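Read off the chains here:
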Amino acid sequence: MLVISAHAADFVWRAGGAMALYASRGHRVTLVCLSYGERGESARLWRQGLDLEQVKRVRHDEAAAAAAKLGAELHTLDVGDYPIVETPELLDRLVGLYRGVQPSLVLTHTESDPWNTDHALTHHLAMKARIIAQAPGYDPSGEVIGAPPVFLFEPHQTEYCGFQPNVLLDITDVWETKYEAMQCMGGQQHLWEYYTDVGKRRGVQAKRNSGPNLGLVTDARAEAFMRVYPQVADELA
């Protein structure tokens with residue numbers, strides 16, 4: 001799994017559960033933070049009187065602690081934020097990460113976010129680098145990637161971004177891990193409760209709109225069916 005995050009905390013709120021779940025199952029999870037979010041998403045730290053380098057250092061330490069909790073390998077590119085700017089050098093670095101990781105799937109931001117253009121640009125860069133990393137003639141010495149599917153994590157203000165979730169992942173088994181990772185982000189404590197509420201809401205939707213409620217046969221229901229209809233069980237065997 002390759003997670004491409006605009007700022008040093010975005011991944012925690014939006015993809016922390018998926019990251020922890022995949023890592024707990026033995027999969028490699030690689031996290032790329034383009035910036036620390038030092039200018040636009042660290043108000044609490046600036047109000048404490050820290051300077052730019054101090055803010056970045058705190059944000060790095062927070063991201064590293066959260067990534068460790070989730071079981072992810074962290075790469076920080078430190079390109080600056082508000083705004084993040086596309087450059088040939090940044091694109092090259094992302095292509096190199098794609099080829100180095102060879103991901104089976106990618107998680108990143110939505111295509112649109114009118115309240116944070118850094119997020120939308122990160123989506124654009126993630127998609128553009130994915131395409132370039134597939135081209136044999138681009139740095140022919142590197143190993144090209146296939147075409148890993150890209151999943152978009154939920155933005156902060158869902159409706160304004162035109163986002164409609166169509167994949168709900170059950171992270172019950174790793175929820176406490178995600179919450180501990182969120183608590184590593186001391187510079188944005190106001191989001192701990194907000195994203196806990198988002199998780200609860202999506203959990204209710206997943207329970208209500210999937211599995212037995214759709215008539216799908218779960219393992220438990222299949223076993224019950226076989227007990228009631230042993231002749232069918234014998235024929236299937």
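These numbers were taken from a predicted model, which means no experiment stands behind them.

Participant: Go over empty space enclosed by the protein, please, and point to the residues and values.
Facilitator: Where empty space is left can be seen by rolling a probe of water-molecule size over the atoms. Per the counting criterion, the structure on display carries 1 cavity of 30 Å³ or more. Taken as a whole, the largest cavity spans an internal volume of roughly 30 Å³. Taken together, Arg 14, His 109, Thr 110, Asp 113, His 119, Phe 153, Glu 154, Pro 155 and His 156 form the lining of the largest cavity. A class-by-class count of the residues in the lining of the largest cavity yields 2 nonpolar, 4 polar and 3 charged.

Participant: Let's hear about the sheet that holds strand β1 (residues 2–5): which residues, and what values?
Facilitator: Strand order in the open sheet made by the 5 strands is β3-β2-β1-β4-β5, with parallel pairing throughout. At either end of the open sheet lies a strand with only one pairing partner, and these are β3 (73–76) and β5 (150–152). Adjacent strand axes in the sheet meet at a mean angle of 20° when their direction is disregarded. Here β1 pairs with strand β4 (residues 106–108) via 2 bridges, running parallel. Opposite Leu 2, over in β4, you have Val 106 as the bridge partner. The strands that helix α1 (residues 10–24) touches are β1, β2 (30–33) and β4; relative to β1, the one it contacts most, it runs at about 170°.

Participant: Outline helix α3 (residues 52–70), supporting the account with residue identities and numerical values.
Facilitator: Taking 1.5 Å per residue as the helical rise, α3 with its 19 residues ought to reach 27 Å, and the 27 Å between its terminal C-alpha atoms agrees with that figure. Tucked into the core, α3 has its buried residues touching α1, β2, α2 (43–47), β3 and α6 (175–183). Structurally, the start of α3 carries an N-cap: the backbone nitrogen of Glu 53 is 3.3 Å from a side-chain oxygen of Asp 51. Looking at the residues trailing α3, positive phi occurs at Gly 71, about 85°.

Participant: Kindly report on the pattern of salt bridges, identifying the contributing residues and their values.
Facilitator: Scanning the entire structure with this criterion turns up 8 salt bridges. Between Glu 53 and Lys 56 there is a salt bridge; the shortest N-O distance is 3.7 Å. Taken together, the residues Glu 53 and Lys 56, both in helix α3 and 3 residues apart, mark about one turn of the helix. Where Lys 56 meets Asp 78, a salt bridge forms, and the shortest distance between an N and an O atom there is 3.2 Å. Residue Lys 56 is found in helix α3, and its partner Asp 78 is found in the loop between β3 and α4 (88–101); the two are separated by 22 residues along the sequence. Under the relative-accessibility criterion, Lys 56 is labelled buried at 13%. Residues joined in a network through salt bridges with shared partners are Glu 53, Lys 56 and Asp 78.

Participant: So what's going on with unusual backbone geometry? Which residues, and what values?
Facilitator: With an omega dihedral of 5°, the bond running from Tyr 82 to Pro 83 counts as a cis peptide bond. Inspection of the secondary structure puts Pro 83 in the loop between β3 and α4. Even without being glycine, Asp 78 reaches a positive phi, approximately 55°. The phi torsion at Asp 139 lies on the positive side, around 50°, for a residue other than glycine. Relative to the assigned elements, Asp 139 resides in the loop between α5 (117–132) and β5. Taking relative accessible area as the criterion, Asp 139 reaches 44% and is therefore assigned partly exposed.

What counts, and at which threshold
Residues numbered from 1 in each chain as written. Predicted model: local features only at pLDDT ≥ 70, side-chain atom pairs only at ≥ 80, totals over all residues. Heavy atoms only, no water. 1 Å grid on protein atoms, 1.4 Å probe; cavity = no way out; pocket = protein on both sides within 12 Å on 5 of 7 lines; lining within 4 Å. Points joined across faces, edges and corners; volume = space filled by probe spheres on them. Nonpolar A, V, L, I, M, F, W, Y, C, P; charged D, E, K, R; others polar. Pairing = 2+ DSSP bridges. Helix = DSSP H or I, 4+ residues; strand = E, 2+ residues; numbered from the N terminus. Axes fitted to C-alpha atoms, helices over the stretch in contact; angles between N-to-C directions. Contact = heavy atoms within 4.5 Å. Expected span 1.5 Å × (residues − 1). Polar contact = N/O pair within 3.5 Å; in protein donor to acceptor, adjacent residues only side chain to side chain. Salt bridge = Lys/Arg side-chain N within 4 Å of Asp/Glu carboxyl O. Buried < 20%, exposed > 50% of the residue type's maximum accessible area, 1.4 Å probe, protein only.

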